[in-house]
Each structure stands twice: as C-alpha cells, then as structure tokens.
Amino acid sequence: MTTKISVPVQQAEQRPEHHEHSAKKGTEHSKGYKALRRFFAILGPGLITGAADDDPSGISTYSVAGAAYGYATLWVALITFPLMTAVQLMCARLGIVTGCGLAASVRMHCPRWVLWGACAILAVANITNIGADLGGMAEATQLVTGIRPMIWIPVYAVLMVVLMFWASYRLMAEIFKWMTLVLFAYVFASFYAHVDWRHALMVTFVPHVEFSRGFLSVLVAILGTTISPYLFFWQAAEEVEEKREKGKNHATRNESTHYQLKCARTDTVSGMFFSNFIMYFIILTTAATLHAHGKTDITTAREAAEALRPLAGNGAYLLFTLGLIGTGMLGVPVLVGSCAYAISEAAGWRGSVADKPRQAHKFYLVMAIAMAMGLALNFFGLNAVKMLFFSALMNGLLAPPLILLVILLTSSRKVMGPRTNSPLLKSLGWVTFAIMTAAAVGMLIT
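What counts, and where the lines are drawn
Residues numbered from 1 in each chain as written. Predicted model: local features only at pLDDT ≥ 70, side-chain atom pairs only at ≥ 80, totals over all residues. Heavy atoms only, no water. Patch = residues over 30% accessible without salt bridge, like charges linked within 9 Å, V, L, I, M, F, W, Y side chains within 5 Å. Areas by Shrake-Rupley, 256 points an atom, 1.4 Å probe, with all protein chains shown as cover. Salt bridge = Lys/Arg side-chain N within 4 Å of Asp/Glu carboxyl O. Helix = DSSP H or I, 4+ residues; strand = E, 2+ residues; numbered from the N terminus. Phe/Tyr/Trp six-rings, centres within 6.5 Å; stacked < 30°, edge-to-face > 60°. Buried < 20%, exposed > 50% of the residue type's maximum accessible area, 1.4 Å probe, protein only. 1 Å grid on protein atoms, 1.4 Å probe; cavity = no way out; pocket = protein on both sides within 12 Å on 5 of 7 lines; lining within 4 Å. Points joined across faces, edges and corners; volume = space filled by probe spheres on them. Nonpolar A, V, L, I, M, F, W, Y, C, P; charged D, E, K, R; others polar. Polar contact = N/O pair within 3.5 Å; in protein donor to acceptor, adjacent residues only side chain to side chain. Axes fitted to C-alpha atoms, helices over the stretch in contact; angles between N-to-C directions. Parallel < 35°, antiparallel > 145°, perpendicular 65-115°, else oblique. Left-handed = near helix turned anticlockwise from the far one by under 90°. Contact = heavy atoms within 4.5 Å. Core = buried A, V, L, I, M, F, W, Y, C linked by side-chain atoms within 4.5 Å. Expected span 1.5 Å × (residues − 1).

Remarks on a nonpolar patch on the surface
Okay, step 1: Residues Leu 78, Phe 188, Phe 191, Tyr 192, Trp 197, Leu 201, Met 202, Phe 205 and Val 206 make up a contiguous nonpolar surface patch of about 990 Å² in total accessible area.
Okay, step 2: For Phe 205, the position within the fold is in helix H10 (residues 197–205).

See the structure below:
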C-alpha cells in the first residue's frame, strides 16, 4: 500500500517542477530569440556603411599590406576600430539630431569656401575610388571568365547605374550584402594557411612601426580605406533617410530621442566591428600565404587571389571574384550616392535615393557624372591593383580636414543643442584626427 501510494505522490510532486522548468526554459529561449530579432532589426545604415567599407579598394589595400609587411600591420585593426566607430557615430548623431546630412550642416554653419572645399575633397576621393573599384571588379572577373577587363568595366558601370536609377538602393544592399559574406573565406582560409599565431598575436598587441616611405604609405592607405571621407557623408544622409522612411515629417525629424541614438550606437558599433574584423583576417591570411612565400609585391588580382588557395584550391579565383563583385556592387553605389548627397545638399537641391529620377533629376545627374568619370579613369592604362591602393592613399590624405569638420559640428551646441559629443567621443575624434594627420605628414616628409 505504502509503495503504491508513495510512487504516484512522488511523481505528482515532480510534474509541476518539470513543467515549471520547461516553461522557464521556453521563456528564456523566447526572450533570447526576441532579443536577437531586435538586434538585427536595429541594424541599418551602420552595418551597410561598415560592409561598404570593405570594398575592392579595401580588399586590395589590406592584401598589399599583408603581402608586403606580413603580420606587421595587424595592430592597425585594433586601433582603427574605436577611431572609425567614433567618427561614424558622430556622423550618425549629426543626421539624427539635425535631420540634415553632413553637407547640409556645413552649408548652414560654415563659410561657402569650407562647404565647397569639403565637396571638392569628397568628389576627388570618390571618383578615384569608383574608378579603382570598377577596375578591380573587372580584373577579378577576368580570372574566371577569361574576358578582358576593359569589356567588364562598362558592363558593371551600366549595370549599377540601371540598378541605382530604377531599383531602390535598399533592395540592392539586401541582395549584394549577402555576397559580401564570401569575405569570411579569409577567416576560414587563415586556419588552413599555417599562420604563425604566436607571432601574429604578439604584433597585434605590440605595434610595429617602420619609419620608411613604403611602410608609412601602407599605413596611410589602410587608414584611408578604413576611415574614408565618403562614409562620413553617406552615414549622416542615411540616418536622415531612415527617419523619413519611418514617416517623420520635417518638424519631428529634428527631435532626436535617446532610443534613436542608442539604436544608432548599436548599429554603428556592429558595422564597424564587422569591417575591422574582415580587415584583420585579410591581412592575416595574405601575410601567412603571399608574404610567407616571398610574394611581397602584388600587382595583379590573380596574385591577390592566391591568398585563398589554401582553403579553396583552384576555386580561390572564384571566391576572390565573388567577394570583389559583392563588395563592389555594395561599395560603388555608396561612393556614387555619397557624392550626389554632398553636392545636392551643398547646392540646396532636392535629392535622395528614395526619390525617382524624375523627382530629383539633378541628384541623379551627379550620380551619372560621378560614375562616368570613374569609368573614364580606367582607360588611361593604369594598373588596377595600384589604382585601388592609390585611391586608399588619397582617402588617407584627404580625410583629416573632413574629420575636423565633423568634430567641430558635432561638438557645437548651436548645431546639436544638448546632444553634443560626450567627452569620450570627442576625445576619440581628436585622437583620430591627430593619428590620420600624423600618418599623412609622416609619409609626405619621409
């Protein structure tokens, strides 16, 4: 009797505990899933900006750095992450708080010569970068098709113009940002490439600097392709677009909220982390493959693609090509779009990637001219890899004055009201300006 009664009672006592435990686990799982969904829902301009930063110019520059100097420049990824995040976060905050892009803010608060000087710097850097990216995409495509780059360059230019004019950039970004996942091949390749992890980690945390023109040129190029002028204009403009898309009118667009700024911080930090994470592994992989085997001077896309051979074998060229096409299709429209935003805001024209060409014909005309000029650069017989590296170098030389503008605008109560930069953000901004300036000056006088 006792046995018969005690067993059911014991089971009965255990069941509620079991159900309670299951319910608790289910609730925790549900909370985790909802938190993950909220995180991905927040991602937008910051993530796209970070992904666009690893464009063909970036891939080429990091490959050149890894091949030429091995692991010696790995530490730069740790330095550029907080610096890049600080500048992009300032630009994001500027767009959210003022409801205006960077060029529009400069137009309202600075002399005309500063405004058009900033636009000229951006235009020169962007057109060079557009041309370099188109050339890099075309040369990489030749690896798997055998068709000459001069045929692919206008094909890619026309394709992107058609997509920018008749499809939303958001749709393009959704499609092509998945192609950038191919860049994770560099992460996987590092585990097949016999990396000297002890040495790599040591130079990651103990910076190595050579006071030679070659090393400082590579350093400026890495800084330039990572902390690029076009990203400043693009992120500020896209934060404004986000508010417009959510139905904010002009009056309420100027009312920033703590929640909006918090979301922008999460989005921007995530995007910049992704950008620098990929940069670190491109340098690491090219150092362990190309530099380790004596290939220290990359002059062709074929040589750059060799870094992926330990992982993909003969498919290395295909992986490299997909990565360059994906990042180029994401990066070139950002370059073209940021140029159009800057000129349109400076001139006071209506313009947005959300508008149709007939609604903002001047905005789209600037886009077409920028693409055409970038396309034309490829017919001067310039080497694609060297052109990609040169565009990064130019970005590094032209970025400091624009960083200075961003710091001054976002630190001004007249512009930002009570939402000026925090002491930490302002300090990181000034450190970024100082490092970018010192590297550029060091390269020029060495």
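Description of the packing of aromatic side chains
What describes a pair of aromatic rings is the distance from one ring centre to the other and the angle between the planes of the rings.
Okay, step 1: Scanning all chains against the criterion turns up 15 aromatic pairs.
Okay, step 2: Taken together, a centroid distance of 5.0 Å and an interplanar angle of 70° make the contact between Phe 165 and Tyr 364 edge-to-face. One end of the pair, Phe 165, is in helix H7 (residues 149–166); the other, Tyr 364, is in helix H18 (residues 361–377), with 199 residues separating them in the sequence. Comparing Phe 165 with Tyr 364 shows no difference in burial state: the two are buried.
Okay, step 3: Their ring planes at 55° and their centres at 5.0 Å tell us that Phe 277 and Phe 281 sit as a pair that is tilted. Here the residue Phe 277 and the residue Phe 281 both occupy positions in helix H14 (residues 258–289), the gap between them amounting to 4 residues, near one helical turn.
Okay, step 4: When its relative accessible area of 29% is taken as the criterion, Phe 277 is described as partly exposed.
Okay, step 5: With a relative accessible area of 11%, Phe 281 lands in the buried category.
Okay, step 6: In textbook terms, an aromatic cluster arises when at least three aromatic residues are bridged by ring pairs, as seen for Phe 81, Phe 184, Phe 273, Phe 274, Phe 277, Tyr 280 and Phe 281.

Looking at empty space enclosed by the protein
Okay, step 1: The tally for this structure, following the rule as stated, stands at 2 cavities of 30 Å³ or more.
Okay, step 2: Of the pockets and cavities examined, the largest cavity occupies roughly 70 Å³.
Okay, step 3: In this structure, the largest cavity is lined by Pro 56, Ile 59, Ser 60, Ser 63, Gly 136, Glu 139, Ala 301, Ala 304, Phe 320, Leu 324, Val 385 and Leu 388.
Okay, step 4: At the level of elements, helix H3 (56–69), helix H6 (112–145), helix H15 (301–305), helix H17 (316–347) and helix H19 (384–410) are the ones that each hand at least two residues to the lining of the largest cavity.
Okay, step 5: Broken down by element, the lining of the largest cavity gets its largest block of residues, 4 residues, from H3.
Okay, step 6: Along the lines of polarity and charge, the residues of the lining of the largest cavity split into 8 nonpolar, 3 polar and 1 charged.
Okay, step 7: By volume, the second largest cavity amounts to about 50 Å³.
Okay, step 8: The wall of the second largest cavity is formed by Ile 59, Val 182, Leu 183, Ala 185, Tyr 186, Leu 308, Leu 319, Phe 320, Gly 323 and Leu 324.
Okay, step 9: Those elements giving two or more residues to the lining of the second largest cavity turn out to be helix H9 (184–190) and H17.
Okay, step 10: At 4 residues, H17 tops the list of elements feeding residues into the lining of the second largest cavity.

Focus: the side chain of Thr 98
Okay, step 1: Here Thr 98 is to be found in helix H4 (residues 75–98).
Okay, step 2: On the basis of relative accessibility, which here comes to 13%, the residue Thr 98 falls in the buried class.
Okay, step 3: At 2.5 Å, the side chain of Thr 98 forms a polar contact with the backbone oxygen of Leu 94.
Okay, step 4: Polar contacts involving the side chain of Thr 98 include one to the main-chain amide nitrogen of Cys 100, which spans 3.1 Å.

Observations concerning the packing of H3 against H14
Okay, step 1: With their axes 7 Å apart at the nearest point, H3 and H14 run at an angle of 40° to one another. Taken together, the axis directions place H3 and H14 in an arrangement best described as oblique. In this structure, H3 crosses over H14, and the sense of that crossing is right-handed. Each of Ile 59, Tyr 62, Ser 63, Gly 66 and Ala 67 in H3 lies in contact with H14, whose residues at this interface are Met 279, Ile 282, Ile 283, Thr 286 and Ala 287.
Okay, step 2: Here the contact of H3 with H14 is composed, by residue class, of 7 nonpolar, 3 polar and no charged.

Some details on the nonpolar core
Okay, step 1: Counting residues in each nonpolar core, the largest one holds 133 residues, and the members touching the most others are Tyr 71, Leu 102, Met 160, Tyr 186, Phe 232, Phe 320 and Met 371.
Okay, step 2: Considering each element in turn, this core owes the most residues, 17 residues, to H17.
Okay, step 3: Setting aside anything within four residues of it in sequence, one finds Tyr 71 in contact with Val 195, Asp 196, His 199, Ala 200, Val 203, Leu 284, Ala 287 and Ala 288.

Some words on H3
Okay, step 1: The end-to-end C-alpha distance of H3, which contains 14 residues, comes to 20 Å, matching closely the 20 Å that a straight helix rising 1.5 Å per residue would cover.
Okay, step 2: Summarising burial for H3: 12 of the 14 residues are buried, a large majority.
Okay, step 3: Listing the buried residues of H3 in full gives Pro 56, Ser 57, Gly 58, Ile 59, Ser 60, Thr 61, Tyr 62, Ser 63, Val 64, Ala 65, Gly 66 and Ala 67.
Okay, step 4: Downstream of H3 by one or two residues, Gly 70 has phi in the positive range, about 60°.

Let's talk about the pattern of salt bridges
Okay, step 1: A full pass over the atoms with the stated rule returns 1 salt bridge.
Okay, step 2: As a salt-bridge pair, Arg 309 and Glu 306 come within 2.9 Å of each other at their nearest N and O atoms.
Okay, step 3: Accessibility expressed as a relative area gives 28% for Arg 309, which makes it partly exposed.

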